[in-house]
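Structural characterization, general
Chain by chain, the residues run as shown.
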Amino acid sequence: MIVLEDLLRDRGSRYAAAVGPVADRAGIDGFLSTLRARRKFAKATHHSWAAILPDGTPLKGDDGEAGAGAVILKMLEREGLSGQIVVVTRWYGGVHLGGDRFAHIVTCTRAALTALRAA
């Protein structure tokens, strides 16, 4: 698991990203549980994620951040990655970001994919 903390801040909201291997739905659940077990991440407002299983099955979850999982999934598909999950975590800062939140999700996902390629 690669975790990139404090990737960006905007109007009080903070973002982080995590990426790692998964083989099935149980692996996704385990990855999310491990991430949420970290004290800092347990307090986050949203853990939006997407994964493509080794058999090509795409899965995603918004965790209250409508549309976020689809954005992450589209980026995974463009990269041609399978067997990986990307989670973008947001700590809500009290100000609605509107469409800017999608730009932040893209930035965090891109950083996670870059870290994965470098690993």
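The sections below set out a description of the structure shown in this document. Bear in mind that the values here come from a model prediction, so they are computed numbers and not experimental data.

**Overview of the overall build of the protein chain**
Within the protein chain one finds four helices and five strands. Taking 14 Å as the expected radius of gyration for a compact globule of 119 residues, we find that the protein chain reaches 13 Å, a close match to that expectation. Its C-alpha atoms put the protein chain at 40 × 30 × 25 Å along the principal axes. Across the 119 residues in the protein chain, those meeting the buried criterion constitute 43%. Pairs at least 24 apart in sequence give 66% of the contacts found in the protein chain among residues at least 6 apart. Here the protein chain displays about 5700 Å² of accessible surface, and carbon together with sulfur accounts for 52% of that area. Positive and negative side-chain charges in the protein chain, numbering 16 and 12 respectively, have mean positions lying 5 Å apart.

**A short note on the side chain of Gln84**
Relative to the assigned elements, Gln84 resides in strand β5 (residues 84–91). Of the residues examined, Gln84 reaches a relative accessible area of 15% and is grouped as buried. Aside from chain neighbours lying at most four places away, what touches Gln84 is Val19, Gly20, Pro21, Val22, Ala50, Ala51, Ile52, Leu76 and Leu116.

**A look at unusual backbone geometry**
Most peptide bonds adopt trans geometry, and most residues besides glycine take a negative phi value. If you check the backbone angles, Asp6 has positive phi at about 50 degrees while not being a glycine. Positionally, Asp6 belongs in strand β1 (residues 2–10). Residue Asp6 is classed as partly exposed on the basis of its relative accessible area, which comes to 37%. Of note in this structure, Arg11 is not a glycine but carries a positive phi near 45 degrees. Inspection of the secondary structure puts Arg11 in the loop between β1 and β2 (13–21). By relative accessible area, Arg11 is classed as partly exposed at 38%.

**As for the pattern of salt bridges**
By the definition in use, this model includes 10 salt bridges. A salt bridge links Arg25 to Asp29; the shortest N-O distance between them is 3.2 Å. Of the two residues, Arg25 and Asp29 are both situated in helix α1 (residues 25–37); the distance of four residues between them amounts to about one turn of the helix. According to the relative accessible area criterion, Arg25 is partly exposed, its value standing at 42%. In this structure Asp29 comes out as partly exposed when scored by relative accessible area, which is 36%. The salt bridge partner of Arg90 is Glu65, with a shortest N-O separation of 3.1 Å. Taken together, the residues span a long stretch of sequence, with Arg90 in strand β5 and Glu65 in the loop between β4 (58–61) and α3 (68–79) at a distance of 25 residues. The class of Arg90 is buried, set by a relative accessible area of 4%. Given a relative accessible area of 5%, Glu65 falls into the buried group. The structure contains a network of salt bridges with shared partners spanning Glu5, Arg38 and Lys40.

Calculation notes
- Residues numbered from 1 in each chain as written.
- Predicted model: local features only at pLDDT ≥ 70, side-chain atom pairs only at ≥ 80, totals over all residues.
- Heavy atoms only, no water.
- Helix = DSSP H or I, 4+ residues; strand = E, 2+ residues; numbered from the N terminus.
- Rg over C-alpha atoms; globule rule 2.2 N^0.38 Å.
- Buried < 20%, exposed > 50% of the residue type's maximum accessible area, 1.4 Å probe, protein only.
- Contact = heavy atoms within 4.5 Å.
- Areas by Shrake-Rupley, 256 points an atom, 1.4 Å probe, with all protein chains shown as cover.
- Lys, Arg positive; Asp, Glu negative; His and termini not counted.
- Charge placed at Lys NZ, Arg CZ, Asp CG, Glu CD.
- Salt bridge = Lys/Arg side-chain N within 4 Å of Asp/Glu carboxyl O.

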